[in-house]
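Chains, contacts and geometry: an overview
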2 protein chains.
Amino acid sequence: MISVVILGAGNVATHLFKAFYKAENIVVNQWFNRTLKSIDFYKNMVDVTDSLSSLKPADIYIIAVSDDAIMKLSEQLPFENKLVVHTSGSVGLYDLDKKNHRGVFYPLQTFSKDATIGFENVPICIETANKNDFKTLKLLAESINSKSYRVNSEQRSALHLAAVFVNNFTNQLYRIGHEITESTSTEFDILKPLILETANKIQNLSPFMAQTGPAKRNDKKTIKKHLKKLEGSPHKAIYEMLTNSIQKTHGRKKL
Amino acid sequence: MISVVILGAGNVATHLFKAFYKAENIVVNQWFNRTLKSIDFYKNMVDVTDSLSSLKPADIYIIAVSDDAIMKLSEQLPFENKLVVHTSGSVGLYDLDKKNHRGVFYPLQTFSKDATIGFENVPICIETANKNDFKTLKLLAESINSKSYRVNSEQRSALHLAAVFVNNFTNQLYRIGHEITESTSTEFDILKPLILETANKIQNLSPFMAQTGPAKRNDKKTIKKHLKKLEGSPHKAIYEMLTNSIQKTHGRKKL
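Criteria and cut-off values
- The numbering scheme is per chain: residues are counted from 1 as the chain's sequence reads.
- Chain letters and ligand numbers both follow the written order, the letters beginning at A and the numbers at 1.
- Where totals are concerned, whole chains, interfaces and linings use all residues; where local detail is concerned, this predicted model gives features only for residues with pLDDT of at least 70, and gives and counts side-chain atom pairs only at 80 or more.
- Derived side-chain values reflect all non-hydrogen atoms in the structure, with water molecules and hydrogen atoms excluded from consideration.
- Our superposition of the copies is a least-squares fit, built on the C-alpha atoms of residues whose pLDDT is at least 70 in both.
- Residue contacts are counted whenever heavy atoms from the two residues lie within 4.5 Å of one another.
- Any Phe, Tyr or Trp ring, taking Trp's six-membered ring, that has another such ring centre within 6.5 Å forms a pair; planes under 30 degrees apart are called stacked, those over 60 apart edge-to-face, and the others tilted.
- Helix and strand assignments follow DSSP, with helices taken as H or I runs no shorter than four residues and strands as E runs no shorter than two, numbered in order from the N terminus.
- For every residue, the accessible area obtained with a 1.4 Å probe (protein chains only) is divided by the maximum for its type, and the residue is called buried under 20%, exposed over 50%, and partly exposed between those limits.
- For salt bridges, the criterion is a side-chain nitrogen of Lys or Arg within 4 Å of an Asp or Glu carboxyl oxygen.
- Patch construction takes residues with relative accessible area above 30% that form no salt bridge. Like charges are linked within 9 Å, and nonpolar side chains (Val, Leu, Ile, Met, Phe, Trp, Tyr) are linked within 5 Å.
- Reported accessibility uses the Shrake-Rupley method at a 1.4 Å probe radius. Residues are deemed covered only where the shown protein chains occlude them.
- Each direction from the helix axis to a C-beta atom contributes to the arc, which is the arc of those directions.
- For two strands to pair, DSSP has to find at least two bridges joining them.
- Geometry is summarised by axes, namely lines fitted to C-alpha atoms with helices restricted to the contacting stretch, and by angles between N-to-C directions that run from 0 to 180 degrees.
- Reported orientations rely on four angle classes, namely roughly parallel under 35 degrees, roughly antiparallel over 145, roughly perpendicular from 65 to 115, and oblique for the rest.
- Each residue receives one of three labels: charged for Asp, Glu, Lys and Arg, nonpolar for Ala, Val, Leu, Ile, Met, Phe, Trp, Tyr, Cys and Pro, and polar for the others, Gly being one of them.
- In this entry, domain limits derive from an automatic or database-based domain assignment.
- Reported buried area values correspond to the accessible surface (1.4 Å probe) lost by two parts on association, with both partners' losses combined.

1. Let's talk about the relation of the copies chain B and chain A
- Superposition of chain B onto chain A requires a rotation of 180 degrees combined with a translation of 0.0 Å along the rotation axis, giving an RMSD of 0.0 Å. Both chain copies can therefore be described as sitting about a two-fold axis. Judged by C-alpha distance, Thr170 of chain B is the residue of chain B that lies nearest the rotation axis, at 2.7 Å.
- When the interface residues of chain B are mapped onto chain A, 100% of them are again interface residues, pointing to one common binding face.

This is the structure in C-alpha cells:
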C-alpha cells in the first residue's frame with residue numbers, strides 16, 4: 001500500500017485524487033489546499049485540510065500547484081527526509097526544497113475540469129535524484145495504470161516544449177480552421193473526422209511519413225490560391241511560415 | 001442500383017473503388033486509368049481500361065485524378081449529358097466541361113496508400129449545378145455510409161483551406177514535436193496520447209474553449225524559457241507566431 005498526501009486543488013490535483021482514490025493499493029491520507037472551499041466537496045472521501053502544520057505522515061507528498069507556487073510551498077513543509085514531488089513539466093527538480101527527497105511526477109496530458117480521462121492514457125514522466133524514489137514513483141504510476149518513463153531534466157523540459165507545439169499550437173490551428181469555416185457559414189463539424197484521423201495516423205506512422213498536401217507536393221497553384229484567400233488575414237503569415245517549414249523538412253525550395 | 005465509372009488510380013480513386021465495390025447498391029461498371037498497370041491488380045473485380053473511347057455507360061463518372069488533369073480529362077470524355085464529377089477540394093465546378101452535368105464529390109479526409117479508412121468517417125462535400133444531381137450524389141454518399149454536406153464553391157474552398165491548417169500544418173507541428181524530443185533522445189511515443197486527446201477534446205468542445213497552456217495563461221516565465229530553448233532554431237519563429245495568435249484569440253497582449 002502506498003500512502004499519499006495531495007497538495008493543491010487544480011485540474012491535475014483533482015484528476016490525480018480521483019485516480020488514486022479508485023486505485024486498490026493507494027491510500028490518500030490527506031488533501032491539502034490553501035482554501036478549503038475548493039476541496040470541501042470531497043471531505044467525505046478524504047481528510048481535507050488548509051493547515052500545513054497538521055499534515056499527516058505519508059510515503060509521498062504530491063505538490064500539484066501552479067508552477068510559481070511550488071518552490072515556496074516545498075519550503076514551508078514542516079517535515080524532512082520525506083519524498084516530495086511536484087507535477088510540473090517545466091519546474092526544476094532542484095527547485096524543491098532540499099530538506100526532503102525530491103522528485104517529479106509529471107503527467108503528460110491535457111486535463112480539463114469536466115472531461116474525465118483514464119490514466120491508462122496518461123504517460124507519467126518521472127525524475128528523481130535517487131533510484132529508490134524512482135521505484136516508489138514508478139509503482140505509484142503503475143497503480144493508476146499509467147505507463148511511466150524515466151526522464152532527466154533536459155528531456156522533461158524538451159517534452160514540455162514539444163507538448164506546447166502538439167497540444168496548444170495544434171489546438172490553435174483547429175481554432176483557425178474554425179474561423180475559416182465560420183467565415184463562409186460552413187459547419188466546422190465537417191473537419192472533425194479529418195482532425196481525428198490526422199492524430200490517429202501518427203500513432204503508427206512518423207509525422208514525416210504521414211505528411212501530405214500542397215506544401216509537401218510543392219503544388220504552387222494551390223498555395224497561391226490559398227494565399228490569395230488569406231489576403232489581409234493574420235493567418236496568412238502562419239500559412240506561409242508552416243508551408244516553408246514543411247518544405248524545409250521535405251527538401252523543397254522556400255515559397 | 002447506382003452505376004459508376006471511376007477515372008484515375010490515386011489514393012482517392014482506390015479508396016472510392018473499394019468502398020463502392022463493397023456497397024450493396026453500387027456497381028462499378030468500369031475503372032479507367034491512362035496506364036493500366038496501376039489498376040491491373042483489380043481486373044478480376046472490375047472491368048479495367050486505358051481507352052477513353054471504350055468507356056461504358058454509367059449513372060455517374062467520377063474523375064479522381066490530380067487537380068491539374070481534371071479539366072482536360074473532362075474535355076476528352078466522348079459523351080454528353082451525363083453526370084460527371086470530380087473529387088477535388090480546390091478545383092472549380094465549372095472547370096469541368098459543360099457538355100456534361102457537372103458536380104463535385106469531395107471526400108474531406110486524409111487518405112494513405114496503406115491505411116484503410118471506413119467511409120463512415122469520411123464526410124462528403126457535394127456541389128452540383130442542379131438539385132437532381134445533388135440527390136444522386138447524396139445517395140451515392142449514403143450508400144458507402146458517408147455523411148454528406150451540400151456546399152457551394154466558396155464553402156468548399158474554405159474547407160479545403162481549413163483542412164490544410166488542421167491536417168497538413170498540424171502534422172508539421174507533430175513533426176516539430178518529434179524533432180524536439182529526438183534532440184534529447186526522448187521517446188516521441190510519450191507525446192502520442194496527448195496528440196490523440198487534443199484531437200478528441202474538440203469533438204465536443206470548441207477549439208476556443210479547449211485552449212490551455214502558457215500562451216493562453218500569458219505565463220511569461222514559461223514562454224521566455226521556451227524561447228530560450230529554441231534560440232537558433234527555425235521553430236522559434238513558429239513558436240512566437242502561434243503564441244501571438246493564441247493571445248490575440250484570447251484577448252491577451254502580444255509577446
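2. What about the packing of aromatic side chains?
- Evaluated as defined, the whole model comprises 20 aromatic pairs over all chains.
- Taking the centre distance of 5.1 Å and the plane angle of 75 degrees together, the rings of Phe169 of chain A and Tyr239 of chain B count as edge-to-face. Of this pair, Phe169 of chain A sits in helix H4 (residues 153–182) while Tyr239 of chain B sits in helix H9 (residues 235–249), on two different chains. The same class applies to Phe169 of chain A as to Tyr239 of chain B, namely buried.
- Note on Trp31 of chain B and Tyr42 of chain B: the rings are 5.1 Å apart at their centroids and 40 degrees apart in plane angle, and the pair reads as tilted. Remark: Tyr42 of chain B occurs in the loop between strand E2 (26–32) and strand E3 (48–49) and Trp31 of chain B occurs in strand E2; sequence separation between them is 11 residues. Both residues of the pair, Trp31 of chain B and Tyr42 of chain B, belong to the buried class.

3. Regarding the pattern of salt bridges
Residue and element names in this part refer to chain B.
- Here the structure, examined in full by the defined rule, presents 18 salt bridges over all chains.
- The salt bridge partner of Lys43 is Asp40, with a shortest N-O separation of 3.6 Å.
- A salt bridge links Arg175 to Glu179; its shortest N-O distance comes to 2.8 Å. One end of the pair, Arg175, and the other, Glu179, are both in helix H4 (residues 153–182), 4 residues apart, so they sit about a helical turn from each other.
- Classification of Arg175 as buried rests on a relative accessible area of 19%.
- Since its relative accessible area comes to 24%, Glu179 is described here as partly exposed.

4. A look at a nonpolar patch on the surface
Residue and element names in this part refer to chain A.
- Judged by side-chain polarity, Leu205, Phe208 and Met209 come together as a nonpolar surface patch covering roughly 270 Å² of accessible area.
- Relative to the assigned elements, Met209 resides in helix H6 (residues 207–210).
- Assessed through its relative accessible area of 56%, Met209 is described here as exposed.

5. So, helix H8 (residues 220–229) of chain A
- Taken as a whole, H8 of chain A has its buried residues at Thr222, Ile223, His226 and Leu227 of chain A. Each buried residue of H8 of chain A lies within a common arc of 135 degrees when the element is viewed along its axis, so the set occupies one face. Among the exposed residues of H8 of chain A, those oriented more than 90 degrees off its buried face are Lys220, Lys221, Lys224 and Lys228 of chain A.
- Next to the buried residues of H8 of chain A lie helix H7 (214–217) and helix H9 (235–249) of chain A together with helix H2 (67–76) and H4 of chain B.

6. Details of the sheet that holds strand E8 (residues 148–150) of chain B
Residues and elements named next belong to chain B.
- One open sheet holds the 8 strands; their spatial order is E3-E2-E1-E4-E5-E6-E7-E8, and the pairing between them is mixed. Lying at the two open borders of the sheet, with one neighbouring strand each, are E3 and E8.
- Here strand E6 (residues 101–107) pairs with strand E7 (residues 124–128) via 5 bridges, running antiparallel. Note on E7: the bridge partner recorded for Tyr106 is Cys125.

7. Focus on the packing of H8 of chain A against H4 of chain B
- One way to put it is that H8 of chain A packs onto H4 of chain B with a least axis distance of 11 Å and a crossing angle of 105 degrees. The angle between the axes of H8 of chain A and H4 of chain B places the two elements in the roughly perpendicular class. Seen from H8 of chain A, the contacting residues are Thr222, His226 and Lys229 of chain A; seen from H4 of chain B, they are Glu154, Ser157, Ala158, His160, Leu161 and Val164 of chain B.
- Per-class residue counts for the contact of H8 of chain A with H4 of chain B are 3 nonpolar, 4 polar and 2 charged.

8. Some points on unusual backbone geometry
All names here are of chain A.
- The residue Asn145 is not glycine, and still its phi comes out positive at about 65 degrees.
- Mapped onto the elements of the fold, Asn145 is located in the loop between helix H3 (131–143) and strand E8 (148–150).
- Asn145 sits in the exposed class, given a relative accessible area of 56%.
- Located in the positive-phi region is Ser185, a residue other than glycine, with phi close to 55 degrees.

9. Details of the domain arrangement of chain A
Residues and elements named next belong to chain A.
- We note that the domain assignment places domain 1 (2–151) and domain 2 (156–249) within chain A.
- Across the contact, 14 residues belong to domain 1 and 6 residues belong to domain 2.
- Of the roughly 690 Å² buried between domain 1 and domain 2 on both sides combined, carbon and sulfur atoms contribute 58%.
- Counting across the interface, domain 1 meets domain 2 through 1 salt bridge.
- Glu127 serves as the salt-bridge partner of Arg156, at 2.7 Å between the closest nitrogen and oxygen.

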